[in-house]
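# Analysis of the macromolecular model
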Amino acid sequence: MLPPEPSLIGDLAAWLPRQRWFGGKDGPIEDLTIGTATQLRTGDPGLHHLVLDVHQNGATDHYQLLLGTRRHLPDRLRHAEIGGAAGDAHGTRLYDAAHDPDLTRTLLDCLVAGASVGPLRFHRVDGAAIRTDLTSLPITTEQSNTSLLFGDAHICKLFRRLGHGVNLDLEVNLALTRAGCAHVPAVLGWIELDPGPVPGAPVTLALLSDYLHTGADGWSLAIASVRDWFAHTPPRDAGWAGEWAELDASLAGGDFAAESERLGAATAEVHRSLADAFGVTVLPEAEVRAMAARMNAELTVTCRAVPGLAPHAKALTGAFLDLAAWARPLPVQRVHGDYHLGQVLRTESGWTLLDFEGEPARTQHERRALAHPLRDVAGMLRSFEYAARYLIAKPGTMPPGPTGRSQTRAHVWAARNRAAFCRGYAAAGGPDPAAHSVLLRALEFEKAVYEVRYEARNRPAWLPVPLKSLAHLTA
Ligand SMILES: Nc1ncnc2c1ncn2[C@@H]1O[C@H](COP(=O)(O)OP(=O)(O)O)[C@@H](O)[C@H]1O
Ligand SMILES: O=P(O)(O)O[C@H]1O[C@H](CO)[C@@H](O[C@H]2O[C@H](CO)[C@@H](O)[C@H](O)[C@H]2O)[C@H](O)[C@H]1O
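Below or above, wherever it landed, is the structure these notes cover. (Residues numbered from 1 in each chain as written. Chains lettered and ligands numbered in written order. Predicted model: local features only at pLDDT ≥ 70, side-chain atom pairs only at ≥ 80, totals over all residues. Heavy atoms only, no water.)

The full set close to ligand 1 counts 15 residues, and Gln143, Lys157, Asp210, Leu212 and Asp355 are the nearest of them. Between ligand 1 and lysine 157 there is a distance of 2.9 Å, counted from an oxygen atom to a side-chain nitrogen or oxygen. The contact in question runs from a nitrogen atom of ligand 1 to an N or O atom on the backbone of leucine 212, over 2.9 Å. Surface burial for ligand 1 is 82%, taken as the share of its 550 Å² of free accessible area covered by protein chains. By residue class, the composition of the shell around ligand 1 is seven nonpolar, four polar and four charged. (Near = heavy atom within 4 Å. Polar contact = N/O pair within 3.5 Å; in protein donor to acceptor, adjacent residues only side chain to side chain. Areas by Shrake-Rupley, 256 points an atom, 1.4 Å probe, with all protein chains shown as cover. Nonpolar A, V, L, I, M, F, W, Y, C, P; charged D, E, K, R; others polar.)

Taken together, the three strands give an open sheet; going across it, the order is β13-β16-β17, and neighbouring strands pair in antiparallel fashion. Because the sheet does not close on itself, it has two edges, and the strands there are β13 (216-217) and β17 (350-353). For β13 and strand β16 (residues 344-347), the ladder comprises two bridges, and the chain directions are antiparallel. The residue bridging aspartate 217 from the neighbouring strand is leucine 345, located in β16. Across the sheet, helix α6 (residues 257-278) touches β16 and β17, and the angle it forms with β17 is around 50°. (Pairing = 2+ DSSP bridges. Helix = DSSP H or I, 4+ residues; strand = E, 2+ residues; numbered from the N terminus. Contact = heavy atoms within 4.5 Å. Axes fitted to C-alpha atoms, helices over the stretch in contact; angles between N-to-C directions.)

A word on the site of ligand 2. Around ligand 2 lies a shell of 15 residues, among which Asp338, Ser383, Tyr450, Glu451 and Tyr454 are the nearest. In the environment of ligand 2, an oxygen atom lies 3.1 Å from a nitrogen or oxygen atom belonging to the side chain of histidine 340. One of the side-chain N or O atoms of glutamate 451 is found 2.7 Å from an oxygen atom in ligand 2. Computed on the free molecule, ligand 2 has an accessible area of 530 Å², of which 83% lies beneath the protein chains in the complex. Taken together, the elements giving at least two residues each to the shell around ligand 2 come down to α10 (374-393) and α12 (437-458). By residue number, the principal contributor to the shell around ligand 2 is α12, which donates four residues.

Nothing here speaks to function; it is all geometry.
This is the structure:
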């Protein structure tokens, strides 16, 4: 049984703003109501699925919560406590059941059964082997969703703030799984909320996939390579060409270029699968010019918000004007949309791409927009820039030495890996980055402007990373 609504609402309103995944921290909760409540398990412990309607700044957001109820909360669940059921003679405690493996197992049982409970629909992909004997653990990454690891076999991503209709990550991963694409984790099942009498597609609540337990993320691997490269001290300050020759000849610093090349090839293969699954259309020339104008408008807005960008504005505008002048009909398709080294895993069988949800700061409509595949190439090129410069920007991580030299070394690492990635991408059949330099430069600068805004808003200590890289790229 759920506790009486007033006390439950009070507990939730106090608890929600403390959650990492709660997106409304910039303002007070004006009103909170329970949109749907579905009992998934009776008894003690009990499990309820709730959709919370949170009203803030004149808008309503919907959040998903697995609410656990227990007469006695064991110590291991204290950190997940939400409150108590006031007026409940048994003193039932309420908590976030994502932390309780005794309850999350219910999700697997329902998926295997293909169950329908109230408005919740559990789907298993035909033939998917889902194990129900596994214990779950929430992963500790900073996430705007909550992912549960089931043993080392499955990962279940619970979307916290719910969007409208089918989630992009599910839609894309499911299509690629069905097409037999080897570069995404296979989708095993998903959970959705039936909109009931309200017209509209079911809302995706969760996605269950194969967990790639041998995977190492591209960002950590790249940073390890950069760290080694910085630690390797050549006998003299050799200048840009000398540093390049040094990296090339000695393969010092766990050279990453072969991995970058393979990543380029995997990216081209995923782009081909996306084109096959969702099709390709042509963006007319006028739309390409409009795109260039939008890039420039975003630059203007970002320069106002982040004055450090202003010194680069002329060069950036130049690249956007070049794109407008070059404009021609462009093939566009589904792409990753927020492609960077943190979104790829190296497993024993190759590179795997994760998280097709697009850039978090964009609207759902923008995230679904088709794009030229070089948009993802531009994203990854930016990421090589980030990896190369991150250690310099982070105080205390670099051995003492002249900063100019570190910048040269960073530039050499980035240039080498950017070139290798593009080589692999073109060799595997992607549009050749070298033959699309005007488009690629504009796309890369567009992403850099986004990053400047993203860092200023979310991680100001990182702002020097995109700004330093822009200083090099626009010089
Ligand atoms: N199928 C998977 N196998 C192994 N690790 C995964 C898998 N899916 C996600 N991860 C890990 O979880 C992290 C967060 O996943 P992601 O889908 O990017 O969630 P979010 O969109 O909330 O950031 C990834 O960076 C990766 O380290
Ligand atoms: O992973 P998300 O979908 O949440 O993407 C957002 O956050 C990313 C940072 O976590 C951000 O990526 C930027 O920083 C990365 C290093 O942390 C770097 O590799 C990327 O190239 C850089 O863009 C991403 O832009 C943002 O949308």
